[in-house]
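# Overview (structure and organization)
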Amino acid sequence: MATFLYRLGRLAFRRRHFVALIWVALLTLAGFAAASAHTAGNTSFSVPGTEAQKAFDLLEQRFPGMSADGGTARVVFKAPAGEKMTDAANKDTAQKTVDALGEGSEVASVADPYKADAVSKDGTIAYASVKYKVPGMELEEGTREALEEAAQDARDAGLTVEVGGDALQAQPETGAGEIIGIAVAAVVLVITFGSLVAAGLPLLTALIGVGIGVSAITALASALDLGSTTSTLASMIGLAVGIDYALFVVSRYRTELAEGREREEAAGRAVGTAGSAVVFAGLTVVIALVGLSVVNIPMLTKMGVAAAGTVAIAVLIALTMIPALLGYAGRRVKPAGEKSRLLGGARAARKAASAKATKAAKPNMGTRWAKFVVRRPIAVLLLGVVGLGAAAVPAASMELGIGDDSSLPTSTTQRRAYDLLSDGFGPGFNGPLVVVVDAKASDDPDAAFTEVTDRIKGLENVATVTPAAPNEAGDTATITVIPASEPSSVTTEDLVHAIRDAGTDIKADTEADVLVTGTTAMNTDIAQKLNDALIPYLALVVGLAFLLLIVVFRSILVPLKAALGFLLSVMAALGAVVAVFQWGWMADLVGVDETRPIVAIMPIFMIGVVFGLAMDYEVFLVTRMREAYIHGEKPSQAVVTGFNHGARVVTAAAVIMIAVFAGFVGSSEAMVKMIGFGLAIAVFFDAFIVRMAIVPAVLALLGKRAWWLPKWLDRVLPNVDVEGEGLRMQGDRAHSSGPSGPGDVRGAGPGEEQGLVKV
């Protein structure tokens, strides 16, 4: 591995014009394709294998004119104080609005509130339901404008009017947080490298990688049914790992320069060593993201694959474009320990002699911290485990839900419409259950419909049951059930199960199938599906990554420790998400207007991403420790050496990733906001508590046992040479043969590189 990447790095350095041209061409091509594509909407949400999905599919089959996937709008009217919607003037205004809503080629139907029994019992609130022929995100702008104008005309007449549904749904906004996150990353890079040019390389390449990835997603959005959230999450993850991967390669390049190597040789060795870690770290992220497909929720699978694609692009850019740009930068990228003239490099050069003596006398902060942990491993280990365990406690109270208008800010008309409907028609009105009765096999379908309706009316927590509405064939009917409790409550979930249990008895009596769908039913089924898939997902992802890390570290206990540390950090992060978004702790700091259940697919998506990122830091930090250990250092000293070389860069990488993820907390999309916060806090826990404290403490306690590997397994496993031992051997031989410069092997041909480990 190291040999191949070493050659790739040198080739990219020499052929930098060609490499840069390829990436610019890819960016241009992807951008052109994205500009020519349709705007991404909300991906169609389906959960194969669940009862709610079966009922939805049955509706599309037996009620072809329903336009089940068409956009909807609920125009909610509230009369002025002291008046009612049944008053003549208010009724006239509402009916004029209904007439205006019915105009337009994309409108399928409009329900008059006075004919559809859509007026509240106290007469103060009414609503008109609008059904469209096309999905909400595909509505023409003129249709949306007509809807808004009709509502505004009613407001001008003195009514309070709000519009719910997906017809006015806008693309999620991220605000200025994204830009702030990138700005923080830029500052950290400048501080880390002491050079504007070196700091700019990771940012430039990360933006190019994200540009290619997101443009490709946009171009394929219509063909593959990719939603707007997919590109947002892909850009979030791609930007974070893109900066980090480039950071590690550039940092290693500067280290190689400091050791006296020529620039082309330094680029090759940086890609051969740090690039090897990037490859394996990227593979763990890709495995975790692609592994989301085992859950069998198409939307989740698409988000995972799209994000994995941006990670793969980030890896390729770090291995090829970074060495090419280093060739362009030339001497403007300084060796490690030197700063550019603009940032005080001249002053640093004048003080070089005294600084060198001071540096020898005073180790860097990473070294001092590692020595502290090695001296007190038990105390550090216990403190870290107990602290993360306490943070994970709220995760036991997690409630899952599907995002609806109740999760929107109170400043939006959709949220205000939701609240008005709850006030006028009860808390369960915004989460109706749709019962589908398939009586095709029944001898008396009408009797079956009547029995289902009567049985549901006799259940607890039922506010309203509408009469059965059969299709034209008369073999299938829908019954709308309004719960007495709010959609996200446990009692509403119990009602779903109660109807399904009653359906089992009804089938035995009438041969009619009773299926329950709707938002609440879908939420219940998703929660169950995710719970059932969690263990297989973790087994697949952790198992594959565990095998991969065994190959990287040639150890059993180090990968096991990495997996257990991940579980600690991800559970603590989920606990923090529950505490903020569900319990409301410090909610104002992240712009949470109201507590809500956690978006159902968010936890397992976050688990996949966090696992990949956790393995990133494990690979980057521990490979330097193993490199020191196999070169003869004692286990405890190898831990210190690893921190001496890697702690500063890993810290910078973690701060950058936290800043990038935190930038997405300002999104108006509930899931993006939750994932941004969850990933930011997870990286903090994993990088600074697990990898910087628990990992060195465990390695110090294990000693040589940490690097134990059965001899038979050692013979079977391929030697991927992540630490670049083959490159070191090559450098030693080249130096002894008298090359023109330290480590300069430019005169060596392919046949002379016999010391390299080849995979």
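Residues numbered from 1 in each chain as written. Predicted model: local features only at pLDDT ≥ 70, side-chain atom pairs only at ≥ 80, totals over all residues. Heavy atoms only, no water.

## Re a negative patch on the surface
Together, Glu145, Glu148, Glu149, Asp153 and Asp156 line one region of the surface with negative charge. With respect to the helices and strands, the residue Asp153 is situated in helix H5 (residues 141-156). (Patch = residues over 30% accessible without salt bridge, like charges linked within 9 Å, V, L, I, M, F, W, Y side chains within 5 Å. Areas by Shrake-Rupley, 256 points an atom, 1.4 Å probe, with all protein chains shown as cover. Salt bridge = Lys/Arg side-chain N within 4 Å of Asp/Glu carboxyl O. Lys, Arg positive; Asp, Glu negative; His and termini not counted. Charge placed at Lys NZ, Arg CZ, Asp CG, Glu CD. Helix = DSSP H or I, 4+ residues; strand = E, 2+ residues; numbered from the N terminus.)

## Re the packing of helix H19 (residues 557-582) against helix H20 (residues 602-630)
The geometry of H19 relative to H20 is characterised by a closest axis approach of 9 Å and an angle of 135 degrees between their N-to-C directions. The orientation of H19 relative to H20 falls into the category oblique. H19 and H20 meet at a crossing whose hand is right-handed. Taken together, the residues of H20 that come into contact with H19 (itself represented by Val558, Lys561, Ala562, Phe566, Ser569, Val570, Ala573, Leu574 and Val577) are Met602, Pro603, Met606, Ile607, Val610, Phe611, Ala614, Met615, Glu618 and Val622. Taken together, the residues of the contact of H19 with H20 sort by class into 16 nonpolar, 1 polar and 2 charged. (Axes fitted to C-alpha atoms, helices over the stretch in contact; angles between N-to-C directions. Parallel < 35°, antiparallel > 145°, perpendicular 65-115°, else oblique. Left-handed = near helix turned anticlockwise from the far one by under 90°. Contact = heavy atoms within 4.5 Å. Nonpolar A, V, L, I, M, F, W, Y, C, P; charged D, E, K, R; others polar.)

## Notes on the packing of aromatic side chains
Considering all chains together, one arrives at 10 aromatic pairs under this definition. Relative to Trp585, the ring of Trp583 has its centre 5.2 Å away and its plane inclined at 65 degrees; by these criteria the two rings are edge-to-face. Classification of Trp583 by relative accessible area gives partly exposed; the value is 36%. Ring plane angle 20 degrees and centroid distance 5.7 Å describe the contact between Tyr629 and Trp707, whose orientation is recorded as stacked. Here the residue Tyr629 occupies a position in helix H20, and Trp707 occupies one in the loop between helix H22 (670-702) and helix H23 (711-716), the gap between them amounting to 78 residues. (Phe/Tyr/Trp six-rings, centres within 6.5 Å; stacked < 30°, edge-to-face > 60°. Buried < 20%, exposed > 50% of the residue type's maximum accessible area, 1.4 Å probe, protein only.)

## Observations regarding the confidence of the model for the protein chain
Here the protein chain shows a mean pLDDT of 82. Residues at 70 or above account for 87%. A low-confidence stretch, residues 352-361 (pLDDT under 50), is modelled with 0 contacts involving residues beyond four sequence positions or located in other chains. Residue range residues 735-759 is modelled with pLDDT below 50. Its contacts to residues more than four positions away, or to other chains, number 43 contacts. (pLDDT = per-residue confidence, 0-100.)

## Some remarks on the pairing of strand S9 (residues 476-483)
In terms of burial, S9 is largely enclosed, as 7 of its 8 residues are buried. The pairing of strand S6 (residues 433-438) with S9 spans 6 bridges and is classified as antiparallel. Bridging from a neighbouring strand, Val435 pairs with Ile479 of S9. In this sheet, S9 lies alongside strand S7 (residues 462-465) in antiparallel orientation, the contact comprising 3 bridges. Bridge assignment links Thr464 to a residue of S9, and that residue is Ile482. Sheet analysis places strand S8 (residues 469-470) next to S9, joined by 2 bridges and oriented antiparallel. Across the sheet, residue Ala469 finds its bridge partner in S9, namely Thr478. (Pairing = 2+ DSSP bridges.)

## With respect to helix H3 (residues 51-62)
For H3, which comprises 12 residues, the first-to-last C-alpha distance of 16 Å matches the rise-based estimate of 16 Å (1.5 Å per residue) to within 8%. Residues of H3 that are buried: Ala52, Gln53, Ala55, Leu58, Leu59 and Arg62. (Expected span 1.5 Å × (residues − 1).)

## Quick word on the sheet that holds strand S3 (residues 125-132)
Spatially, the 4 strands line up as an open sheet ordered S2-S3-S1-S4, and their pairing is antiparallel. The open sheet has two edge strands, strand S2 (107-111) and strand S4 (160-164), and neither has a second partner. Going from strand to strand, the sheet's axes swing by 20 degrees on average, the running direction of each strand aside. Contacting strand S1 (72-78), S3 and S4, H5 runs over the sheet at an angle of about 155 degrees to S4.

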